Every structure is written in structure tokens, then in C-alpha cells.
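An overview of the molecular structure
This is what each chain is made of:
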Amino acid sequence: MVQGKPTTAEIQAAYGRTVPDIIAPNLNVLFCGINPSLYSAAVGHHFARPGNRFWRSLHAAGYTERILSPFEDRDLLQFGYGLTNIVDRATARADELKTEELIFGQQQLAVKIEQYQPRFLAILGISAYRTAFYQPKAVMGRQFELLSGATIWILPNPSGLNAHYQIADLTRVYRELLLAVKD
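Residues numbered from 1 in each chain as written. Predicted model: local features only at pLDDT ≥ 70, side-chain atom pairs only at ≥ 80, totals over all residues. Heavy atoms only, no water.

1. Digging into the packing of aromatic side chains
In plain terms, the rule: Aromatic pairing here means that ring centres of Phe, Tyr or Trp (its six-membered ring) are within 6.5 Å. Orientation follows from the plane angle: under 30 degrees is stacked, over 60 is edge-to-face, and everything else is tilted. For the purposes of this entry, the term helix denotes a DSSP run of H or I that reaches at least four residues, the term strand denotes a run of E that reaches at least two, and both are numbered from the N terminus. Exposure is judged per residue with a 1.4 Å probe applied to protein chains only, and the accessible area is read against the type maximum: over 50% gives exposed, under 20% gives buried, and values in between give partly exposed.
In this structure the tally under the stated criterion is 8 aromatic pairs. Measuring from centroid to centroid gives 5.5 Å for Phe31 and Phe54, while their planes differ by 80°, and the two rings are edge-to-face. Of this pair, Phe31 sits in strand 1 (residues 29-33) while Phe54 sits in helix 3 (residues 54-61), placing them 23 residues apart in sequence. We note that Phe31, like Phe54, is buried. A centroid spacing of 5.0 Å and a plane angle of 80° characterise the contact between Phe54 and Trp55, whose relative ring orientation is edge-to-face. Following the ring pairs from residue to residue traces out a cluster consisting of Phe31, Phe47, Phe54, Trp55, Tyr63 and Tyr81.

Shown next, in the form of C-alpha cells:
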């Protein structure tokens with residue numbers, strides 16, 4: 001694991017690495033990315049790639065009192081939130097993942113949900129959700145099915161590559177989940 005900003009060679013060497021889950025029993029929300037970026041795998045922290053809007057979106061939506069650094073990802077536990085991924089292995093882009101990996105990842109995720117029992121599972125990426133959960137017509141927001149008792153909520157992928165959602169849009173939809181959590 002690299003301390004500070006990784007070099008290009010360190011980022012490329014992170015292909016296939018994993019980033020440890022930030023998870024504990026009975027969380028309010030377990031945020032679930034598609035898979036780690038190479039940058040995140042190189043530094044060992046979730047949503048670490050510069051340009052990723054996850055940490056800004058959490059703060060702007062009211063989950064945290066300030067914008068946390070990816071290097072503070074473990075601090076989410078104190079607020080009742082955690083982090084995981086559908087697929088553990090790092091890639092440069094999510095579209096490098098095979099359908100079989102997403103489906104297997106969903107099965108592994110179900111085991112985590114059963115073990116840790118979060119109230120909400122927030123999947124950050126609708127295309128990955130549609131594939132992994134066999135829900136080709138799913139839409140953003142709350143889903144009707146549960147996963148081992150957790151309410152599933154689909155949120156946009158906060159990657160800077162997702163041009164469909166600007167920070168104001170991300171803030172709005174992330175806040176919708178927070179309001180449901182507080183109900």
C-alpha cells in the first residue's frame with residue numbers, strides 16, 4: 001500500500017488488488033461501490049481517486065460534518081456507515097468486469113449483508129446493480145426487494161467519469177437516502 005500520491009507504475013501495479021471493507025454490525029447504511037479503482041487499490045482506501053465525488057457528496061448531503069479524506073474512510077463507522085464493493089478486484093474501469101464477476105460479487109455481498117445486518121444497502125451504480133441483481137429495469141432510488149433484510153437503494157456512481165450526475169444531482173439523491181435512514 002502506497003502512502004501519499006501513487007506513481008503511475010504503482011497505480012498500474014494495483015490491477016487485481018483489493019481494498020479492505022469498512023464494515024461493522026448493524027450499520028445504518030453500507031455503501032457499496034462497483035469495484036475499487038486502481039488508484040484506490042494502490043493507496044488502500046475507498047473512493048480515493050482524485051475526481052471521485054463520493055466524499056464531497058456525503059458531506060453535501062448531510063452524512064458527515066465535513067468532507068472526509070479517503071484516508072479517513074474508517075471514520076465512517078462512527079457515523080453508522082460502511083463501505084464495500086460488489087467485486088473486490090481493482091480495475092481501471094468498471095466496464096472491465098465480466099457479468100459473471102458481478103453476479104458472483106452479488107452472492108458474496110448477500111453473505112456480508114446476512115452477517116452484518118445493515119439497515120440499508122446503497123449500491124453506487126445502476127448498471128452494475130441491474131446486472132449483478134438480475135434487475136434489468138431497475139431505476140434509481142429505493143428498490144422493492146430486500147437483501148437479507150436490508151433495504152436496497154440505488155445511487156449514481158460518484159466517479160468523475162459519470163457525467164450524467166453533477167455534484168448538485170448527487171447531493172440531492174444521496175440526501176433522499178439519508179432522509180429515509182432518519183425515518
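2. Observations concerning the sheet that holds strand 4 (residues 141-147)
Applicable threshold: Note on pairing: two strands pair once DSSP finds at least 2 bridges between them. To define axes, lines are fitted to C-alpha atoms, for helices over the stretch in contact only, and angles between the resulting N-to-C directions are given on a 0 to 180 degree scale.
Across the sheet, 5 strands lie side by side as 2-1-3-5-4; this open sheet has mixed pairing. Whereas interior strands pair on both sides, the edge strands pair on one side only; in this sheet they are strand 2 (81-85) and strand 4. Sheet twist, expressed as the mean angle between neighbouring strand axes with direction ignored, is 25°. Where strand 4 lies against strand 5 (residues 150-155), 4 bridges are found, and the strand directions are antiparallel.

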